[in-house]
Amino acid sequence: MRKTYELEELDCANCAAKMEAAVNKMPEITKCTITFMTSRMAITVPDNTDLDALLPKIQKEISKVEPDTRIVVK
């Protein structure tokens, strides 16, 4: 399953690369791509993944790099 989210307050491309690397290390994530220019994060996870439980874990990893960046769920 692939989902895309907007990231608010994403300040720099270097931070985006660090966030992407951190999220890709998570065992639940098959693939994560963060694009600084569009402030978008695309994640690929197994079909049976509980995204409601996973998103706070991803947010925690992102916040370690840039505390003000937030995942926007639409």
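Details of the structure are given in the entry above.
Residues numbered from 1 in each chain as written. Predicted model: local features only at pLDDT ≥ 70, side-chain atom pairs only at ≥ 80, totals over all residues. Heavy atoms only, no water.

K.L.:
An account of unusual backbone geometry is needed here, citing residue identities and associated values.
P.N.:
Even without being a glycine, Glu9 presents a positive backbone phi close to 65°. Since its relative accessible area comes to 44%, Glu9 is described here as partly exposed. Residues other than glycine seldom take positive phi values, yet Ser39 does so here, at roughly 55°. Topologically, Ser39 is positioned in the loop between strand S2 (31-35) and strand S3 (40-44). According to the relative accessible area criterion, Ser39 is buried, its value standing at 19%. (Buried < 20%, exposed > 50% of the residue type's maximum accessible area, 1.4 Å probe, protein only. Helix = DSSP H or I, 4+ residues; strand = E, 2+ residues; numbered from the N terminus.)

K.L.:
Please set out the pairing of S2 residue by residue, giving values where relevant.
P.N.:
Where burial is concerned, the two faces of S2 differ: the one with Cys32 and Ile34 is buried and the one with Lys31, Thr33 and Thr35 is not. Counted between consecutive antiparallel strands, the loop separating S2 from S3 contains four residues, among which Ser39 sits at a positive phi close to 55°. (Pairing = 2+ DSSP bridges.)

K.L.:
Lay out the state of the cysteines with the relevant residues and their values.
P.N.:
Scanning all chains against the criterion turns up zero disulfides. Cys32 carries a free sulfur, and the closest cysteine sulfur to it, the one in Cys15, is 14 Å from it. (Disulfide = S-S within 2.5 Å.)

K.L.:
Mind laying out helix H2 (residues 51-65), listing which residues take part and the relevant values?
P.N.:
An ideal rise of 1.5 Å per residue puts 21 Å on 15 residues; H2 measures up with 21 Å between its terminal C-alpha atoms. Taken residue by residue, H2 has Leu51, Leu54, Leu55, Ile58, Glu61 and Ile62 as its buried positions. All buried residues of H2 fall inside an arc of 125° around its axis, so they share one side. What points out from H2, more than 90 degrees from its buried face, is the exposed set Asp52, Lys60 and Lys64. Buried positions along H2 lie against strand S1 (2-8), helix H1 (13-24), S3 and strand S4 (70-72). Regarding H2, its N-cap is Asp50, as a side-chain oxygen of that residue lies 3.1 Å from the backbone nitrogen of Asp52 further along. (Expected span 1.5 Å × (residues − 1). Arc of directions from axis to C-beta. Contact = heavy atoms within 4.5 Å. Polar contact = N/O pair within 3.5 Å; in protein donor to acceptor, adjacent residues only side chain to side chain.)

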